[in-house]
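A look at the structure
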Amino acid sequence: MSRPAASSAALPIAHVVLRILIVVNWLSGAAILALLVVSPNERWIMSAFKLSPSPEAERLVMGLRGVAVLGLAAIPLYHAVLKRLLAIVETVRAGDPFVGANAGRLQGIAWVLLALQLLSLVVDAIARAVAIPGHPLHLDAGFSINGWLAVLFTFLLARVFAEGTLMREDLEGTV
């Protein structure tokens, strides 16, 4: 029961955007890795934050490095989401989105989104722990109602796709 999707600009655009995001994701990972490997020395970082050498300043530098490592850990997670989305777009383009594989892909995306939300909480905890009075560390991390809603929505959507697949198979079996 596969039929090509109706002509829509959204699908080719989504395909191209996802391909671009996959490349940007890996480039971001390379940039973070370069930052960690060729990271400026502690003195340069303290100078950039206008800090004098102290245990608090050293803690801040170590915290920033820890956040960078977690950022590096997020790269393969984002890659997993993007590749699954690309595969889903391909099935929609082919006119066959309600397949078991897409339900599994959405379930996988939901688990990865959950991991990313937990990772964001850890990054926020590190930022709060290493912040120095007078020099707060503002990172776009922590609890996000939108992020948690996305996790719930994606788990729900995975279930909808699984049910849609079963209904389609039942319908095909009766025809």
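Residues numbered from 1 in each chain as written. Predicted model: local features only at pLDDT ≥ 70, side-chain atom pairs only at ≥ 80, totals over all residues. Heavy atoms only, no water.

**Examining the overall build of the chain**
Note the cut-off: Strands are runs of DSSP state E lasting at least two residues, helices are runs of H or I lasting at least four, and both sets are numbered from the N terminus onward. In this description the radius of gyration comes from C-alpha coordinates, and the expected globular size is given by 2.2 Å times residues to the power 0.38. Residues count as neighbours in contact if any of their non-hydrogen atoms are within 4.5 Å of one another. Computed with the Shrake-Rupley method and a 1.4 Å probe, the accessible areas treat only the protein chains shown as cover for residues. The positive count covers Lys and Arg only, the negative count covers Asp and Glu only, and His and the chain ends enter neither. All charge positions are set by atom: Lys at NZ, Arg at CZ, Asp at CG, Glu at CD.
When you go through the chain residue by residue, the secondary structure sums to 5 helices and 0 strands. Counting from the amino terminus, helix and strand elements in the chain follow one another as α-α-α-α-α. For 175 residues, the compact-globule estimate of 2.2 N^0.38 gives 16 Å, and the C-alpha radius of gyration of the chain, at 22 Å, exceeds that figure by more than 25%. Along the three orthogonal principal directions, the C-alpha set of the chain runs to about 75 × 25 × 25 Å. When contacts within the chain are restricted to residue pairs at least 6 apart in sequence, those whose partners lie at least 24 apart make up 77%. Element-wise, carbon and sulfur atoms account for 70% of the exposed surface of the chain, whose accessible area totals about 10,700 Å². Taking the average place of the 13 positive charges on the side chains of the chain and the average place of its 11 negative ones, the gap between the two points comes to 6 Å.

**With respect to the layout of surface pockets**
Basically, it comes down to this: Think of a 1 Å grid over just the protein atoms. A cavity is a set of points where a 1.4 Å probe fits yet cannot get out, a pocket is an open set with protein on both sides within 12 Å along at least five of seven lines, and lining residues have an atom within 4 Å of a point. Grid points are joined across faces, edges and corners, and a volume is the space filled by probe spheres set on the points.
Here the largest pocket is characterised by a volume of approximately 640 Å³. What lines the largest pocket is a set of 24 residues, among which Tyr78, Leu116, Gln117, Ser120 and Asp140 lie closest to the centre.

**Considering the pattern of salt bridges**
Let me state the cut-off plainly: The working definition used for a salt bridge is a side-chain nitrogen of Lys or Arg within 4 Å of a carboxyl oxygen of Asp or Glu.
What the rule picks out here adds up to 4 salt bridges. Across the pair arginine 128 and aspartate 124 runs a salt bridge, and its minimum N-O distance is 2.8 Å. Of this pair, arginine 128 and aspartate 124 both sit in helix α4 (residues 100-130), 4 residues apart, which is roughly one turn of that helix.

**Side note on the packing of aromatic side chains**
Going by this rule: Classification of ring pairs rests on two measures: the distance between centres of Phe, Tyr or Trp rings, Trp counted by its six-membered ring, which must be within 6.5 Å, and the angle between planes, read as stacked under 30 degrees, edge-to-face over 60 and tilted in between. To sort residues, take the accessible area from a 1.4 Å probe on protein chains only and compare it with the maximum for the residue type: under 20% means buried, over 50% means exposed, and anything in between is partly exposed.
For the structure shown, the criterion picks out 2 aromatic pairs. On the basis of an interplanar angle of 85° and a centroid distance of 5.0 Å, the ring pair of tryptophan 111 and phenylalanine 155 is categorised as edge-to-face. With tryptophan 111 in helix α4 and phenylalanine 155 in helix α5 (residues 145-174), this residue pair connects regions lying 44 residues apart in the sequence. A residue is classified by how much of its surface remains accessible, and phenylalanine 155, at 22% relative accessible area, is partly exposed.

**What about a nonpolar patch on the surface?**
Our working rule: The patches described consist of residues with a relative accessible area above 30% and no salt bridge, like charges being joined within 9 Å and nonpolar side chains (Val, Leu, Ile, Met, Phe, Trp, Tyr) within 5 Å.
There is a patch of nonpolar side chains on the surface, built from Leu118, Leu121, Phe143, Ile145, Leu149 and Leu152 and spanning about 610 Å² of accessible area. With 3 residues, α5 is the single largest residue contributor to the nonpolar patch.

**A look at the side chain of serine 120**
The test is simple: Polar contacts here mean pairs of N or O atoms no more than 3.5 Å apart (in protein, one a potential hydrogen donor and the other a potential acceptor; neighbouring residues in sequence count only if both atoms are side-chain atoms).
Among the secondary structure elements, serine 120 is positioned in helix α4. Of the polar contacts made by the side chain of serine 120, one reaches the backbone nitrogen of glycine 142; its length is 2.8 Å. Those residues in contact with serine 120, other than ones at most four positions away along the chain, are Ala141 and Gly142.

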